[in-house]
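# Examination of the molecular architecture
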Amino acid sequence: MVDIVVAIDGFSGTGKSSTAKKVARALGYTYIDSGAMYRCVAHYFINHQIDFDKEKEVTAALDKILISFQFNKMLNTSEILLNKKIMDYQIRRPEVDEIVSQIAAKPLIRKAMVDRQQKLGLGKKMVMDGRDIGTIVFPDAALKIFMTADLHIRSMRRHKELEQQGIQVNIEEIKRNLAKRDDLDANRSESPLIKAKDAISLDNTYLTLEDQVKKIVEIANKIIHEG
Ligand code: DC
């Protein structure tokens, strides 16, 4: 039996987080949402009116940003804390959606987050989702998944999710934001969103969450038990 890192990358709104969370649960692994880390930075920058184009301001702010994860027994998954405060809906607001990709494109911020992510993964037995996990953060991960799905389906899923939080946003607005983030994430110069050569592609346009979790868990278990 070997301990592995499962890296799940892909476009915005492809259900990476929901999938990674369930895969981690099934394997008894820790789940780390790397996108939530960039979201915490964006949330902090909005609240403290940090200008992310000013390097000095960004460096000083990053020193004040403590990001940690803790296991929530009731939710049966890990949750993210920003300066010891649990973050949830605050980092999923449309205002955060609007700037997070621009923030994640800044080399200074990426370097700081990648360093922190690599430290979190040192113990292995971890499922991490994001955009560069299989390429930059853990290029040696034993299992890499690259998730895609049709833009319209992704927009409808995101709309439902926001509606459940009592947030009303027009589907076209969501589609525009997702397409803009896809473009920014895939075309930035620093660690762009790209499928790792050894990643397995998973288009979940017509797959249920349960189906795709099952597929990934089966492959992971094979590697864990058979090497
Ligand atoms: O997965 P998400 O939508 O919560 O991520 C928020 C943003 O952070 C997304 O627009 C891209 C960026 N991100 C990134 O650049 N690298 C990661 N490893 C994770 C997220």
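Residues numbered from 1 in each chain as written. Predicted model: local features only at pLDDT ≥ 70, side-chain atom pairs only at ≥ 80, totals over all residues. Heavy atoms only, no water.

### With respect to the overall build of the chain
In plain terms, the rule: Strands are runs of DSSP state E lasting at least two residues, helices are runs of H or I lasting at least four, and both sets are numbered from the N terminus onward. Radius of gyration: C-alpha atoms only; globule rule: 2.2 Å multiplied by the number of residues to the exponent 0.38. Partly exposed residues are those whose accessible area sits between 20% and 50% of the maximum for their type, while under 20% is buried and over 50% is exposed, using a 1.4 Å probe and protein chains only. Throughout, a residue-residue contact means that at least one pair of heavy atoms, one from each residue, lies within 4.5 Å. Note on areas: Shrake-Rupley, 1.4 Å probe, and residue coverage restricted to the protein chains presented here. Think of it this way: Lys and Arg go in the positive column, Asp and Glu in the negative one, and His and the chain ends go nowhere. In plain terms, the charge of a residue is placed at NZ if it is Lys, CZ if Arg, CG if Asp and CD if Glu.
Tallying secondary structure elements over the chain gives nine helices and eight strands in all. Here the C-alpha radius of gyration of the chain, 17 Å, is about what a compact globule of 227 residues would show, namely 17 Å. Along the longest, intermediate and shortest principal axes, the C-alpha atoms of the chain span 50 × 40 × 35 Å. Burial status across the chain gives 47% buried among its 227 residues. Taking the contacts inside the chain whose residues are at least 6 apart along the sequence as the reference set, 74% of them involve residues at least 24 apart. Accessible area for the chain stands at about 11600 Å²; split by element, carbon and sulfur atoms hold 54% of it. Charge-centre separation for the chain: the mean point of 36 positive side chains lies 3 Å from the mean point of 32 negative side chains.

### Observations concerning the packing of aromatic side chains
Stated formally: Each aromatic pair joins two rings of Phe, Tyr and Trp (for Trp, the six-membered one) with centres within 6.5 Å, and gets the label stacked for planes under 30 degrees apart, edge-to-face for over 60, and tilted for any other angle.
Considering all chains together, one arrives at one aromatic pair under this definition. Between phenylalanine 11 and phenylalanine 146, the aromatic rings sit 6.0 Å apart at their centres with planes inclined by 80 degrees, giving edge-to-face as the arrangement. Of this pair, phenylalanine 11 sits in the loop between β1 (5–10) and α1 (16–27) while phenylalanine 146 sits in strand β7 (residues 143–148), and the two are 135 residues apart along the sequence. Here phenylalanine 11 falls in the partly exposed class, since its relative accessible area comes to 23%.

### Some points on the pairing of strand β3 (residues 67–72)
Stated formally: Pairing between two strands is assigned when DSSP locates at least 2 bridges connecting them.
Sheet topology places β3 next to strand β4 (residues 77–82); six bridges connect them, and they run antiparallel. Bridging from a neighbouring strand, isoleucine 67 pairs with leucine 82 of β4. What sits between the antiparallel neighbours β3 and β4 is a turn of four residues, in which asparagine 76 has the positive phi angle 60 degrees.

### Things to note about the site of the ligand
Put simply, the rule reads: The criterion for a residue being near a molecule or strand is simple. One of its heavy atoms has to lie within 4 Å of it. Whenever a nitrogen or oxygen atom comes within 3.5 Å of another N or O atom, the pair is scored as a polar contact, on the condition that within protein one atom can donate a hydrogen and the other can accept it, and that pairs from neighbouring residues in sequence are kept only if both atoms are in side chains. By the convention adopted, Pro, Cys, Tyr, Trp, Phe, Met, Ile, Leu, Val and Ala count as nonpolar, Lys, Arg, Asp and Glu as charged, and the other residues, Gly among them, as polar.
Around the ligand, a shell composed of 16 residues is seen, among which Arg39, Ser101, Arg110, Asp132 and Arg181 lie nearest. Within the side chain of serine 34, a nitrogen or oxygen atom sits 2.9 Å from a nitrogen atom of the ligand. Within the side chain of arginine 181, one N or O atom sits 2.6 Å away from an oxygen atom of the ligand. In isolation the ligand exposes 450 Å². Once the protein is present, 97% of that is buried. For the shell around the ligand, the secondary structure elements donating two or more residues are α2 (34–47), α4 (94–104) and α8 (171–187). In terms of residues, the shell around the ligand owes the most to one element, α2, which gives four residues. Considering only residue class, the shell around the ligand consists of four nonpolar, four polar and eight charged.

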